[in-house]
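Each chain is listed here by its residues.
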Amino acid sequence: MFLLGAAPAVLLASPSYLTDLTYALAIGLMLLPLRHALLLGLATVLGQILWTRPAQGEVAWAQVAILVGVTAALGTVFALGFTIGHLRAAREQVKRLAVNQERERVARDMHDILGHTLSTMTVKLGLTRRVPESTGDVPLAVGQVTELENMARTALSDVRATISDYRTLSLDSELAGARMALRAAGVRAGLPAATDAVRPGLREMFGYVVREAVTNVLRHSTPN
């Protein structure tokens, strides 16, 4: 394209025909990286200036301005096109990252909820099964089943709240649940009776700590 654009000026020995290089510069802006295409346009303008001054005794600034104006206008258009393309790609990437982050949040919360609750329910189910076998204490077994029912309802509410992103975790409720779960598993635990010493901004985080710790104790401890 550059050879074809410069051919009229060379054949007619007139640098005024170098304005035909605007087509070559347009192709360069479409095919080359923007900075390379702009450097190519700058080199073309300088070549036109250096040629017109010895040939005509003065620089044909009008022709130079045409070449510069066309190059600048096309460069601006293609730069905007590249920028819009990059912004669209960045927006799509942000959407994908947001979706992945939400999936990780739901997976993490589901693990925290179901891992703890199912571990506790497994222990209490084993205790409920042993009560009729060992003592035949029906009221005790019924109490255990009632607690299991309440735990299942709580777990279901937590799952629904997690999906809706409205679930809040309370340190007090986690400590109460930990006492019940550890007592059912026959584990002695010195848990605090109050949480007044914990700053309000840290209570949810320590609630997760208590839940994870109790889950690991129930999952990895060996019953006597």
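Everything discussed here concerns the structure shown above.
Here the structure is a predicted model, which is why all the values come from computation and not from measurement. (Residues numbered from 1 in each chain as written. Predicted model: local features only at pLDDT ≥ 70, side-chain atom pairs only at ≥ 80, totals over all residues. Heavy atoms only, no water.)

Caption draft 1: Main features of the environment of Met121. Among the secondary structure elements, Met121 is positioned in helix 4 (residues 61-134). Overall, the relative accessible area of 17% leaves Met121 in the buried class. As a C-alpha pair, Met121 and Ala152 span 31 residues in sequence and 8.3 Å in three-dimensional space. If we skip the residues at most four places from it in the chain, Met121 touches Leu148, Met151 and Ala152. (Helix = DSSP H or I, 4+ residues; strand = E, 2+ residues; numbered from the N terminus. Buried < 20%, exposed > 50% of the residue type's maximum accessible area, 1.4 Å probe, protein only. Contact = heavy atoms within 4.5 Å.)

Caption draft 2: Geometry of the environment of Leu218. Counting through the fold element by element, Leu218 comes out in helix 7 (residues 200-220). Here the alpha-carbon distance between Leu218 and Leu182, two residues 36 residues apart in the chain, equals 7.5 Å. Aside from chain neighbours lying at most four places away, what touches Leu218 is Ser119, Thr120, Val123, Ala181, Leu182 and Ala185.

Caption draft 3: Molecular detail of the nonpolar core. Listed in full, the ten residues of the largest apolar core are Val123, Leu171, Leu175, Ala178, Ala181, Leu182, Ala184, Val210, Val214 and Leu218. Mapped by element, the contributors of at least two residues to this core are helix 6 (171-184) and helix 7. In terms of residue count, helix 6 provides more of this core than any other element does, six residues in total. Setting aside chain neighbours within four positions, we find Leu171 in contact with Thr195, Val198, Arg203, Phe206, Gly207 and Val210. Counting five residues, the second largest nonpolar core, distinct from the first, contains Leu25, Val45, Val64 and Leu67. (Core = buried A, V, L, I, M, F, W, Y, C linked by side-chain atoms within 4.5 Å.)

Purely geometric numbers; function is a separate question.
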